[in-house]
There are 6 protein chains.
Amino acid sequence: MKQVVGFGDFILRLSPPGYLRFMQASSFDINYTGAEANVLVSLSMMGVDTQFVTRLPDGDVSQAALSTLKKHGVGVSNVAFGGERMGVFYLEKGASQRPSKIVYDRKFTSIAEARYEDFDWDNIFSGAGYFHITGITPALSHTMPDVCIRACEEANRRGIIVTCDLNYRKNMWTPDEAKSVMERIVPLVHTLIANEEDADKVLGIRSEGTDVVSGVINREGYIDVARQICELYGTEQVAVTLRKSLSASDNDWGAMLYTKGKAYFSRTYQVRIVDRVGGGDSFAAGLIYALGHDFDPQHAVEYAAAASCLKQTMEMDFNLSTPEEIERLVAGDGSGRVRR
Amino acid sequence: MKQVVGFGDFILRLSPPGYLRFMQASSFDINYTGAEANVLVSLSMMGVDTQFVTRLPDGDVSQAALSTLKKHGVGVSNVAFGGERMGVFYLEKGASQRPSKIVYDRKFTSIAEARYEDFDWDNIFSGAGYFHITGITPALSHTMPDVCIRACEEANRRGIIVTCDLNYRKNMWTPDEAKSVMERIVPLVHTLIANEEDADKVLGIRSEGTDVVSGVINREGYIDVARQICELYGTEQVAVTLRKSLSASDNDWGAMLYTKGKAYFSRTYQVRIVDRVGGGDSFAAGLIYALGHDFDPQHAVEYAAAASCLKQTMEMDFNLSTPEEIERLVAGDGSGRVRR
Amino acid sequence: MKQVVGFGDFILRLSPPGYLRFMQASSFDINYTGAEANVLVSLSMMGVDTQFVTRLPDGDVSQAALSTLKKHGVGVSNVAFGGERMGVFYLEKGASQRPSKIVYDRKFTSIAEARYEDFDWDNIFSGAGYFHITGITPALSHTMPDVCIRACEEANRRGIIVTCDLNYRKNMWTPDEAKSVMERIVPLVHTLIANEEDADKVLGIRSEGTDVVSGVINREGYIDVARQICELYGTEQVAVTLRKSLSASDNDWGAMLYTKGKAYFSRTYQVRIVDRVGGGDSFAAGLIYALGHDFDPQHAVEYAAAASCLKQTMEMDFNLSTPEEIERLVAGDGSGRVRR
Amino acid sequence: MKQVVGFGDFILRLSPPGYLRFMQASSFDINYTGAEANVLVSLSMMGVDTQFVTRLPDGDVSQAALSTLKKHGVGVSNVAFGGERMGVFYLEKGASQRPSKIVYDRKFTSIAEARYEDFDWDNIFSGAGYFHITGITPALSHTMPDVCIRACEEANRRGIIVTCDLNYRKNMWTPDEAKSVMERIVPLVHTLIANEEDADKVLGIRSEGTDVVSGVINREGYIDVARQICELYGTEQVAVTLRKSLSASDNDWGAMLYTKGKAYFSRTYQVRIVDRVGGGDSFAAGLIYALGHDFDPQHAVEYAAAASCLKQTMEMDFNLSTPEEIERLVAGDGSGRVRR
Amino acid sequence: MKQVVGFGDFILRLSPPGYLRFMQASSFDINYTGAEANVLVSLSMMGVDTQFVTRLPDGDVSQAALSTLKKHGVGVSNVAFGGERMGVFYLEKGASQRPSKIVYDRKFTSIAEARYEDFDWDNIFSGAGYFHITGITPALSHTMPDVCIRACEEANRRGIIVTCDLNYRKNMWTPDEAKSVMERIVPLVHTLIANEEDADKVLGIRSEGTDVVSGVINREGYIDVARQICELYGTEQVAVTLRKSLSASDNDWGAMLYTKGKAYFSRTYQVRIVDRVGGGDSFAAGLIYALGHDFDPQHAVEYAAAASCLKQTMEMDFNLSTPEEIERLVAGDGSGRVRR
Amino acid sequence: MKQVVGFGDFILRLSPPGYLRFMQASSFDINYTGAEANVLVSLSMMGVDTQFVTRLPDGDVSQAALSTLKKHGVGVSNVAFGGERMGVFYLEKGASQRPSKIVYDRKFTSIAEARYEDFDWDNIFSGAGYFHITGITPALSHTMPDVCIRACEEANRRGIIVTCDLNYRKNMWTPDEAKSVMERIVPLVHTLIANEEDADKVLGIRSEGTDVVSGVINREGYIDVARQICELYGTEQVAVTLRKSLSASDNDWGAMLYTKGKAYFSRTYQVRIVDRVGGGDSFAAGLIYALGHDFDPQHAVEYAAAASCLKQTMEMDFNLSTPEEIERLVAGDGSGRVRR
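Here is a short report on the structure shown in this document.

Rules of the game
Throughout this description, residue numbers start from 1 for each chain and increase along the sequence as written. Chains and ligands are labelled sequentially in the order written, the chains with letters from A and the ligands with numbers from 1. Owing to the predicted nature of the model, reporting of local features is limited to residues with pLDDT of at least 70; listing and counting of side-chain atom pairs is limited to 80 or more, with chain, interface and lining totals taken over all residues. Derived side-chain values reflect all non-hydrogen atoms in the structure, with water molecules and hydrogen atoms excluded from consideration. Runs of E in the DSSP output that reach at least two residues are strands. Runs of H or I that reach at least four are helices, and both are numbered from the N terminus. When we talk radius of gyration, it's over C-alpha atoms, and the globule rule is simply 2.2 Å times the number of residues to the 0.38. Throughout, a residue-residue contact means that at least one pair of heavy atoms, one from each residue, lies within 4.5 Å. Here the accessible surface of atoms and residues is derived via Shrake-Rupley with a 1.4 Å probe, and residues count as covered only by protein chains that are part of the display. Working convention for charge: Lys and Arg count positive, Asp and Glu count negative, and His plus the chain ends are omitted. Working definition for charges: the position is that of NZ of Lys, CZ of Arg, CG of Asp or CD of Glu. Note on terms: buried area is the combined drop in 1.4 Å-probe accessible area of two parts once they are placed together, counting the loss on both. Every case where a carboxyl oxygen of Asp or Glu lies within 4 Å of a side-chain nitrogen of Lys or Arg is listed as a salt bridge. When accessible area is computed with a 1.4 Å probe and restricted to protein chains, residues below 20% of their type maximum are described as buried, those above 50% as exposed, and intermediate ones as partly exposed. For two strands to be treated as a pair, DSSP must find no fewer than two bridges joining them. To get an axis, a line is fitted to the C-alpha atoms, and for a helix only the part in contact is used. The angle between two axes follows their N-to-C directions and goes from 0 to 180 degrees. Fitting of the copies onto one another was done by least squares over C-alpha atoms, counting residues only where both copies have pLDDT of at least 70.

Glancing now at the overall build of chain A. Looking only at helices and strands, chain A features 10 helices and 15 strands. Whereas a compact globule of 340 residues would reach a radius of gyration of roughly 20 Å, chain A reaches 19 Å, a difference of no more than 12%. For the C-alpha atoms alone, the extent of chain A along its principal axes is close to 50 × 45 × 45 Å. In chain A, 70% of the contacts between residues at least 6 apart in sequence involve partners at least 24 apart. Put simply, chain A shows about 10700 Å² of open surface, and 46% of that area lies on carbon and sulfur atoms. Looking at charge distribution, chain A has the averaged site of its 36 positive side-chain charges lying 5 Å from that of its 44 negative ones.

Structure below.
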């Protein structure tokens, strides 16, 4: 399949080891991450040509960050340098009834201050078949919505398929702010991805009968939400990840793909969580891979759900699964028996 | 609320990392701990003024130990120095069917050899509203029962509320020894805390139909035990923690509070254990906090149970939960979803 | 009981820490291991006199490897030195739906190139009562079947009881190769051990109605398999370990012992897996211990099953349980409560 | 001696373990630090009452940061909360010919955006005898010079002794900017501290014959510089730390104290560097301690030099030496023999 | 400068952490390495386009190994897959009088069994300007000399400059074997690199008056050796690294470059060793960089010596220095002062 | 040579990792150690048959401790079990001018409370040729001098050679106490070992002109001391280790052996210290090895000095050097060059 380009933030996640709380940690595990970069790493592990576009300050730590993408084969030749800082967030991993906690420090970053002209879009898009962004990128600053919209428009103009994960972050913008921007982006998007909360918070479209905290998920409601999105914005396909959070240690995980008026549900996985961050990103990667390989809708949603199930059994934000590993789970082998 | 003073041992817990057994370890994780100190740290994290009284040998390791209390805001200005040693215990963390193992080395310690006069009780009690001890302190040596009894009497004399966790330790004294001492302390206690075994072992009061090993817990039996205690010793309220140990990895956890002739049960939590040590101490802290804030009995037992549920999802013996975190679980959010 | 001699490979297991994947690791945990050596360490922890025979290259790393056996009391005075290398395998620990992965590098090793004459069998067998091998040893090279068969014959000649775990490894030889060799070894064996797959793969004897991947286990089928083995090869007793792999994190575990025409099933344990490698080896050790202590068949299979249940709650391949710990689980205490 | 108040930034230092470079690190060691906070920790370890004033965002990471000060006894009750972020810097430790490298990310911090009114100066200064700042604090933003100057004036008004370490940071401001601000602060200072570069860069006063890179230090030149400062600004005493950097692993270290027209040089230490960051801060602490204990000038400079020599033999930025340890080195025992 | 292609082994170095001996280690630090790969990583860090050619078994560990090269920007698209295994060596780091120890396990590897046809030389050489090998590659097996000679001949034919580091390994082949092969390779080489022992062991050319163990190095002797090599084999330039090993912790390090009848000596560095492995490789990289940038001979040898001095202040085999860092040391700043 | 029996304490050393201070540590490195046990491990690594006698409490931690001796081949079958506790000491490693610090907690231990009858001396001495104790063992309690004296007498009676390291510990007993006991032991000793301080503190024999703190060592004085000891107590040979502590990081190290009226000095090593604890023990081991192999006095002192030089380049208290490694250093190769 053709190259997938991702555009977004790239930041440093700092986590106390294991289940230590912030106050107990004498070191932080390092994880350079970003919603779009995570998607690209996952695709690159699947053998897809990928390229990541971001903006970082010049310096050794930025180079260290980018080297983790290069390690997994993601192209970084169009990364822009400049600005003041790389974002940071602190993540304390939860367990059982104790939730994970995130403390953000992602303001004033190089990419938040970027303008459209800071990037060489002509070069960026020259070999691309897909362009992936998430709702985090336009939320980074007041100037980023414009950059994102123009980039999506340019992608559309060139016949590049745009995929987008709504990824609403309540501490980055309000639902109203999100809606005013995302309503302009969604019409440019071919494949839209959301989790249980996003459609409601970002587009004001809600699935009746769902209560995120209590974990009740209403299948009919999600179909209804997806149908509304497709009708309102002309979206080709809408995917919804369905997480039932029993506790910080155990989640049920599955997904629905809605396309051409029909909904396809994946099987549901009972996941013993190793690290749930990046679950949605790996789902997006699976879906883009399915798109690029013309999987039928049922296979597509199963592939993406299995990919993201596996991600959550790994440490850190990257999904390092190969297509062979994912297809084995799709085929039903979730027994976890040793592979020699 | 007024200052809470705790009096007891402060010792070094040495644990192999993760699930390693003693024989496999090349390092020990450090955890300076003590039943009463744990209660104070938990209270201090809840914003309560606290002060810990113990006796330690003079030296760098004692200072390192005390610095962990200072770190969490517990006052240590009345700690006495002298004697030969600080106690040590070795803890190997169990998993699944394999139990945790503790090897004690807590004899001949500075506090075990302390006399009542080693402490400046006038200064200690000058600002106190609550005095907390556990059944471990009088078990430390033959001289400690006297110190504890006199301290409780002094607290009573000054109108300071005494709280006590029975905390029976079978390798420290026999039930007979425990009974002869605790029968003199319990009448001085306002709020008494026990786990499933303590009332039977220490006071000879047993709840019919309970089998600790098999995990069967008889609610009616516990109410009966609490009623007997209140009647016998004039205790204001008796709390019982209810642990059903399915395995070293999974416990059910809840509690009952009995006061003014009525029993209040908390909800039961299915806890994926991170570190269960300190669970009872954090419950006591929760209960003392509830007492100091005039929570109604149902709220009190729910708050204390939620606090101690959260403790068991953290590494080490300290409960680092804030009231906000505890109340969120009391309010029903145990889904463990990421908090950004 | 008399000394147990084990003969087989001894190799270096390299594992990324925790749940890291190969690509994420900057260090490997070290675990010198081997199916027969694991059995001996387990027996030695139970107080049995043991001796391990293998062949290793001369050098510091071999000495480091052997020191881990000496640490647990296993005799190594008849280890032969020479040849080119010690084997290595890389093990990535799975979690939930993600299976553990093993990459082997165990060709061309010192033992694979060994001849019968490289070992001083007279000395080796001088004090032995039991001789233990597994199906891995003859699979090491084209010359090893001969060494194993001659060693078993010599053991039989001396009245030493031979025990054997079929332990089929599909990446070491084909079922046909295995069958042609093991059919000559099994008649020399007193106690034969197999897991759910081995009898089928190695001896072509299959239990109807069992599907390893889906985890369905058919008790009647296993009895039938064991009966066939006893009839065909004159085996005294056949034990089968029964693993139901719900996921890489959760397994059901039990076993059957068939002897004198009758089958004995152990209770089934729901194991929260810490490290499942070495589970079968610790079962074999438990069974040999039972044999040496004349346990009745029900006690024997319960003891071996409990021993191997406990192994899987420990890190690394060695079972470090004592008979006291095992018997406590046999007696029903799997509650995992803290032992002080 | 009376309480020492420090005012300045408090930031997170992130360092790869050992001698790893940024690109090699998979974790960062955590070190919450700040020039003024380091001085206070050192003084608190010497038994001095201390209080730190800064401004931090509200949240768990700030609480973790402050807990490290509380651990060492530094008072934090007047810390202001608000603003966007806590600063971060990345430190890669050098060795031999390879220099340590620092990447700063300390803009837009809560304290950089603070105003004079954000702090309760009346409360802050109520028990203080000394007020310590460094040249880093006014360099944090365009608004901070005013806050610093007003705080120093207020301290002067109250008869609180002001001490100041010039601490020039070239990536925070230019010499011109520094000079325009520091020329207003220095006249308010009782004891001024500088390293080999500061006087030149900040005040434009240079000691002839000194070449920082080559490590040549000219004693006469330094006396001349100190004399000029005293004359120009009416400073009571000027201390200069004298570092001869032979390599990142080996430094010569000593100091000069100039007061009442006379210069006092400490002995020179050949330091095998463990962590040189915080060396200057621990020198300042030693000097303030000497000031508060009326040491004669020779003793004062020896004490401060010995304190800071010891700091550089410890990991992280805090000097954890006690007066007893420091005086032993002052007395000449630098043999490093084991103290039992 | 044009692309540099390297051809050789790529193996796993396993080292106990810090100064632990093999017997003390419970984990090994991972370092995928190879003499030629190390050169390429160093060049890639300097901004040079590089490509590594080797042969590895197909599998996850090989992918993990290659990802470390990709991380630093080295191209791996022409790596061949097949064969049995990747080599391993165990390295115990020495200190002071205790030498580092290496235990090799590098036989039977995929590359040792490779044939010339396993590689797509046309593709490999399509963009290359330089081809680098070392004396290790032909020493890998009896078939490798032929592969190396043919590759060098092909490089010569295409006008690609061949560089070679003699790198004699006494446990891989005898001096006689080495000589018979290297005498055929050296005439194809433009730039030859050797350490104090290589010329003697491999080419039988010795510098009088040098005693490697005692550390005496005779400058005139080295010039003589280099002159002989140039005359005998028509080599353009010969570089000799000059290591005086005072102990495992302290080395003097410098180099000589001989070209066009004249010898150029670098300055000598007193290196406090962090990890000396890879020192020679980083020197070769520096020299190739100098060649590609037309440095004059004095600058070339200073640049290469400074680069390799810096390497030895870093952990692991890769030199992660940038040209800016190297030139700063060339310019004389070895003071190790912090760079902010 | 014949078996060497050692008798003494076996305790747990707890050290913060690297150069961390007690207050900074969140884990302790584990090192089960004892002066006599260290000697035996060193001898066992040299191929000598050894047996260690001590008394420990029954339990898992004692078994873990003993397993570290078994790992290195030291026999432990005569260890007595009983009593209350195993000793502990805390060791903070110094650097440069900062000394290492030890906090002892070794009172009330199982061995301190042992009586002569607790050990099966007949069995212990049945195969022994050498009996080694140090001055630490009789210092453990008021009952231990008697046990030690009787054991030495019994050894003398059986013709077993007694070796003794004075090893004065000032926090265990006073010089007067030590003298009154050691004066009864020394006459039973064949080979006596002391460091620079011991002869003075324990026997009241002093070498003029030596100042331990300043590091001045007077060779003639030491000869004089040794001569006096031999004359007074009839000792066969007296060895003195000569440490010049330049700092905690750098020591000069050598030794003198005085026998038959003549003194033999080893060469002096400049040691870059990794861990100096156990240096004296490894010297004793070297000397006993020399005794058992009839080395001439010069070879004996060189061997013992080289052995103990190497020890100090290793982590932890055990010397893991082989005779081959030691003889290589004796032969003059201290260059630390990599051994492949």
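A word on the interface of chain A and chain C. Taken together, the 26 residues of chain A in the interface contact 30 residues of chain C. Between chain A and chain C, a total of about 2600 Å² is buried, with carbon and sulfur atoms accounting for 53% of that surface. Per-residue buried area on chain A facing chain C is highest for Arg 272, Arg 337 and Arg 340 of chain A; these three make up 32% of the total on that side. Where chain A meets chain C, there are four salt bridges. The salt bridge partner of Arg 272 of chain A is Asp 250 of chain C, with a shortest N-O separation of 2.6 Å. Elements supplying a minimum of two residues to the side of chain A that touches chain C: strand E15 (269–272), helix H9 (297–311) and helix H10 (323–330) of chain A. By residue number, the principal contributor to the side of chain A that touches chain C is E15 of chain A, which donates four residues.

All names here are of chain A. The element strand E2 (residues 11–15) is extensively covered by neighbouring structure, given that five of its five residues are classed as buried. Of the two faces of E2, both are covered, the one formed by Ile 11, Arg 13 and Ser 15 as well as the one formed by Leu 12 and Leu 14. Where E2 lies against strand E3 (residues 27–33), five bridges are found, and the strand directions are antiparallel. The residue bridging Arg 13 from the neighbouring strand is Asn 31, located in E3. Here E2 runs beside strand E7 (residues 88–92); their pairing, made up of three bridges, is parallel. Looking across to E7, one finds that Arg 13 is bridged to Phe 89.

Take the sheet that holds strand E8 (residues 101–105) of chain E next. Ordered by their spatial adjacency, eight strands build an open sheet running E8(C)-E7(C)-E2(C)-E3(C)-E3(E)-E2(E)-E7(E)-E8(E), and the pairing between neighbours is mixed. Only two strands of the sheet have a single neighbouring strand rather than two, namely strand E8 (101–105) of chain C together with E8 of chain E. Here the strands of the sheet are splayed against their neighbours by 30 degrees on average, with no regard to which way each runs. Sheet analysis places strand E7 (residues 88–92) of chain C next to E8 of chain C, joined by five bridges and oriented antiparallel. Residue pairing for E8 of chain C: Tyr 90 of chain C is matched across the bridge by Val 103 of chain C. Helix H2 (residues 60–71) of chain E rests against E7 and E8 of chain C together with strand E3 (27–33) of chain E of the sheet, and its axis sits at about 65 degrees to E3 of chain E.

Spatial strand order, E8(A)-E7(A)-E2(A)-E3(A)-E3(D)-E2(D)-E7(D)-E8(D): eight strands in an open sheet with mixed pairing. Only two strands of the sheet have a single partner each, and these edge strands are strand E8 (101–105) of chain A together with strand E8 (101–105) of chain D. If you compare each strand with its neighbour and ignore which way they point, the axes differ by 30 degrees on average.

Time to look at the relation of the copies chain A and chain C. You can overlay chain A on chain C at an RMSD of 0.0 Å; the transform is a turn of 120 degrees with a shift of 0.0 Å along its axis. Expressed as a symmetry operation, the mapping of one chain copy onto the other fits a three-fold axis. Of every C-alpha in chain A, the one belonging to Gly 18 of chain A sits nearest the axis of rotation, 5.5 Å from it. A share of only 4% of interface residues in chain A that are also interface residues in chain C marks the association as one of differing surfaces.

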